[in-house]
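Commentary on secondary and tertiary structure
Here is how the chains run, residue by residue.
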Amino acid sequence: MELGQEISLHYENIRLKNMDLLSQRKNEIYRKIPDIKNLDAFISELALKSCREIFAKPDSSLVLEATQEISELKDQKRKILKAKGYPENYLDMPYDCHICKDTGFLEDGSKCSCLKKLTIDKLYKNSNLSHVLLRENFSTFNINLFSDEINEREGLSPRANIKKITDLSKNFIITFKEDNDFNLLFYGPTGQGKTFMINCIAKELMDRNVSVIYLTAYEMIEVLENKKFKKIENLEYSLLFDSELLIVDDLGIELITTFTNSEIFNIINTRLIRGKKTIISTNLSPKELSKTYTDRVFSRVFQKFTPLKFFGEDLRWQ
Ligand SMILES: [Zn+2]
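All figures in this text were calculated on a predicted structure; none of them were measured in a lab.

What follows deals with the overall build of the chain. Secondary structure assignment for the chain yields 12 helices and five strands. For the chain, the C-alpha radius of gyration of 28 Å lies well beyond 20 Å, the compact-globule estimate for 318 residues. Projected onto the principal axes, the alpha-carbon positions of the chain cover approximately 90 × 45 × 35 Å. Buried positions account for 43% of the 318 residues belonging to the chain. By sequence separation, contacts in the chain at least 24 residues apart represent 75% of the contacts at least 6 residues apart. Taken as a whole, the chain presents about 18,500 Å² of accessible surface, with 52% of it coming from carbon and sulfur.

The following block contains the structure:
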């Protein structure tokens, strides 16, 4: 099923479920408190009458009176419910999301946060990341895979380095909801655990209900090209801007063209302005990155990223 269809079906089911719940509650209350049943019958009768009146004489004072009376009767209903030990709103339409009343959209037509969250969840379920995250997370992370021999050039061992990176990453998670311009730039050759660390962070934040979108740089560029050249504006495109955390994995030199360069910059910059966080992993060094981007752009954007260097032996064989 197409994603859009899947999502509208999801909301449809929520609404059906809640309508069902409401009718169960009505039956229960009508049985236990017949006064309420009588009140409801009276309210419906009044509403019907006032409806007929609107058609017959739109400016009739009867309509206004009926509206007032109905709202008084509804108050009375609430009071009775409360007195009998029920919540006042027990017979109001229940919603899973009160902001959009389970439609997914706000009155101005923009997307509700529940819709954004749902879209991301569905995208994840449709991708295979959820399986990866079961395998790659902080609880399966083995620091002993990293050598404890001091690397002369770096002045510390890969193990001490990964320990430092882990601590910083955990700090990133803990302070995630703060407005602190804390973004991460993981760099270093392939096979040093960058993607693994990214998965650890993604898992931890998703467990905390943060909307995370993970794309390899290659996938992201595909989304951007679809938007630009084929005019396909899919949900993923808007999520590049909307998700609370964007992860761009494996940004390599071969992917950088003038087009992707300016598009990627636009996304990162917009996110920075909106206070949304980003993690980028790349095999480019900050120096190479600064060569790719103009110095002005580079310093403005990347000063808001904490660069963390991964080094050591290639772990893919271990
Ligand atoms: Zn909502």
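A few words now on the coordination of the zinc ion. C97 (SG), C100 (SG), C112 (SG) and C114 (SG) make up the full set of protein donors to the zinc ion, lying at 2.3 Å. If you look at the zinc ion, its four donor atoms make angles of 104 to 116 degrees with each other, and the shape they trace is tetrahedral. In the primary structure, the donors to the zinc ion are separated according to the pattern C-x2-C-x11-C-x1-C. Taken as a pair, C97 in the loop between α3 (61-83) and α4 (113-126) and C112 in the loop between α3 and α4 lie far apart in primary sequence, 15 residues in all. The same class applies to C97 and to C112, which are both buried.

Within the largest apolar cluster, 35 residues are counted, with the highest numbers of intra-cluster contacts made by M220, L224, L240 and I280. Residue assignment for this core shows that the elements contributing at least two residues are α1 (3-32), α4, β2 (212-216), α8 (217-229), α9 (235-242), β3 (245-251), α10 (258-273) and α12 (295-302). Counting residues per element, this core draws most heavily on α10, at six residues. Split by domain, the residues of this core number at least three in each of domain 1 (3-83) and domain 2 (127-317). Every residue in contact with I280, bar those within four places of it in the chain, is listed here: L184, L185, F186, V248, L251, I268, F302 and F305. L129, F146, F172 and F186 belong to the second largest nonpolar core, which has 29 residues in total.

Rules of the game
Residues numbered from 1 in each chain as written. Predicted model: local features only at pLDDT ≥ 70, side-chain atom pairs only at ≥ 80, totals over all residues. Heavy atoms only, no water. Helix = DSSP H or I, 4+ residues; strand = E, 2+ residues; numbered from the N terminus. Rg over C-alpha atoms; globule rule 2.2 N^0.38 Å. Buried < 20%, exposed > 50% of the residue type's maximum accessible area, 1.4 Å probe, protein only. Contact = heavy atoms within 4.5 Å. Areas by Shrake-Rupley, 256 points an atom, 1.4 Å probe, with all protein chains shown as cover. Donors = N, O, S within 2.8 Å, 3.2 Å for Na, K, Ca; no water. Tetrahedral: all angles 85-135°; square planar, octahedral: opposite > 155°, others 65-115°. Core = buried A, V, L, I, M, F, W, Y, C linked by side-chain atoms within 4.5 Å. Domains from an automatic or database assignment.

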